[in-house]
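# Coordinate inspection notes
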Amino acid sequence: MPSLYCFVALGITLTQALAAAYTNPKDYAQMPVPRQSPLPSESVQQGLGPLLSKNASIFGPDDSRWPDATERYQDFAVPQVQVVVQPGVEDDIPTIVKYANEHGINFFVVNRGHSLTSTVGRFNGIQIDVRSLTDISINKDAMTVKLQAGARNYETIDVLWKEGYVTTTGSCSCVGMVGPALGGGHGVQQGVHGLIADNLIGLNVVLANGTAITVSETSYPDLWWAMRGAGHNFGIVTSFDMKIYPVTVPSYYYRNYVFTGKHVEPLFEELNKFHANGSLSPTWGGAFGVYTMEPSVSTTQATIFWTFIYGGSKEDAAADLSPFDALGPVAVDEGDVPFTSISDILISGLESDLCAPSKVHITGTAGLQVYNVTVQRQLYDLYNKKVSKEPLLSGTKLVHEGYAVEGVLRDKPEGSAFPLRDDNLLMYFDAMPPPNSGLEDFAFQWARETEDLWNAGEGEWRKPTTYVNYAAGHESLESMYGYEPWRLEKLRALKAQYDPLNKFAYYNPIVPLES
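Residues numbered from 1 in each chain as written. Predicted model: local features only at pLDDT ≥ 70, side-chain atom pairs only at ≥ 80, totals over all residues. Heavy atoms only, no water.

With an unreviewed UniProt entry as reference, the protein chain is termed FAD-binding PCMH-type domain-containing protein, source organism Podospora pseudopauciseta.

Quick look at the structure:
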């Protein structure tokens, strides 16, 4: 790919009280953390160690493994980890939870450490690190795959592809599978196969009291409903089974475009025609764009990158792409790749900036049905204004994710806790203030202004929506879990049944911790 395109889509595809009160994410960093007595790792090792399998590990901050185990993608409002426990087998996890409960210790599960929300900053206690549980087992007769809790997107894609299968996965290589699944799970395959959550068959879950259960359509069906869309609130998934499908598309065609400010209005007019208000053919994986600075194009105005992914040939994609060719882009790049390489085309592979850990991300998000062309111009002008004032934020990205949604719409909205099946487009704002720059408040304000513009562009008839896996921590519960009153009523009733002491209260909780 030409050097210019090494910058394409750097941010692409990431990709409260009981009432719906507004909370600034920064407030979570300033809130008192729930009290937790100091936890010497030696005492936890002595008490818990003999109860675990031989491959389990327990260690504290002085251990050489600590930096890797506690490293996170998001360095804003990080959880306060005192001891790390790495289970050797899935059966260790119920034991860890029971031990923590018996000793009044908070626990928090980490898959790959990619949560964005500031609500995790309220945690203080034991981190249950499941990154070593990475088994992936294909059952060809049943057309399913069993994934342990630590399996990542790229591992899942690679293992399945080698055996001639695909399933819905996230589009960022370094993110785990289970976390996105519990909040829905968008990805390039969703137009054909639906969300990750739609493809789940069964979950092995450890409840807040340490009980291990299997959750499926026929086993704990009420919890089955809740786990698919609000699952972070209800239990620890140690492994899960999901559907797989034979590979029918051996190669995907991609085309990357570079546009400038003069293209804003015609570009988004054509994108609205392309997406057709949720009617984009599932042959398309989607179209993904970003506003960001690219000095080789302009040092004063944001550059607009857009990437199209098609499950077929260049010739078959040509008619749909011809309107974008006609816009006169600054540059165009294209090629054919297997599904295993799509994350690299979207610059969300393992070596991309999108997977770089230990940075502060000030984020915002919104779900849309169509692009408001006027708002997209306002956002572009706002971007240029903000970067002109604070050049250190020139790496800020306004990400636009436009997957095909036919497969998502096949499942009934009431069939799971995932409430946003009528969101056709996912928006994501990401500013990364440099260390000690003092630009967090400026970035917060910019993020909120951006969200407000996105949401205002939808019109008064549509309330703001928040994809829970992209939530920053300030959004209302209704925007994440649904505005229909019965949804939160049902979730709260199930929370009272399965987690009455609110042990799972750190990831966009439906019952937030008291301040």
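After presenting the structure, the write-up continues.
All right, on to the nonpolar core then. Soluble globular proteins tend to pack their nonpolar side chains together in the buried interior. Counting 50 residues, the largest nonpolar core has Leu267, Phe268, Tyr291, Trp306, Phe308 and Phe324 as its most contacted members. Sort the elements by how many residues they give to this core and helix α12 (residues 373-389) lands first, with seven residues. (Core = buried A, V, L, I, M, F, W, Y, C linked by side-chain atoms within 4.5 Å. Buried < 20%, exposed > 50% of the residue type's maximum accessible area, 1.4 Å probe, protein only. Helix = DSSP H or I, 4+ residues; strand = E, 2+ residues; numbered from the N terminus.)

The subject of this paragraph is the pattern of salt bridges. According to the stated counting rule, one finds 19 salt bridges in the structure shown. Ionic pairing is found between aspartate 63 and arginine 65, a salt bridge with its closest N-O pair at 2.8 Å. The class of arginine 65 is partly exposed, set by a relative accessible area of 37%. Note that arginine 152 and glutamate 155 form a salt bridge whose closest N and O atoms lie 3.8 Å from each other. When sorted by exposure, arginine 152 lands in the same class as glutamate 155, which is buried. A single network of salt bridges, built from pairs that share partners, joins Arg255, Lys314, Asp325 and Glu334. (Salt bridge = Lys/Arg side-chain N within 4 Å of Asp/Glu carboxyl O.)

For the rest of this paragraph, the subject is the pairing of strand β17 (residues 397-403). Across a regular strand the side chains alternate sides, sitting on one face of the sheet and then on the other. In terms of burial, β17 is largely enclosed, as seven of its seven residues are buried. Of the two faces of β17, both are covered, the one formed by Lys397, Val399, Glu401 and Tyr403 as well as the one formed by Leu398, His400 and Gly402. The pairing of strand β13 (residues 284-294) with β17 spans six bridges and is antiparallel. From the neighbouring strand, valine 290 faces β17, where its bridge partner is valine 399. As judged from the five bridges shared by β17 and strand β18 (residues 425-431), these two strands associate in the antiparallel manner. Residue pairing across strands places histidine 400 opposite methionine 427, the latter belonging to β18. (Pairing = 2+ DSSP bridges.)

Here the largest pocket is characterised by a volume of approximately 320 Å³. Forming the walls of the largest pocket are 20 residues, and the residues nearest its centre are Asp198, Leu200, Arg228, Lys243 and Asp411. Secondary-structure elements contributing two or more residues to the lining of the largest pocket are α7 (190-193), β8 (200-206) and α8 (221-230). Classifying every residue of the lining of the largest pocket by side-chain character gives six nonpolar, six polar and eight charged. (1 Å grid on protein atoms, 1.4 Å probe; cavity = no way out; pocket = protein on both sides within 12 Å on 5 of 7 lines; lining within 4 Å. Points joined across faces, edges and corners; volume = space filled by probe spheres on them. Nonpolar A, V, L, I, M, F, W, Y, C, P; charged D, E, K, R; others polar.)

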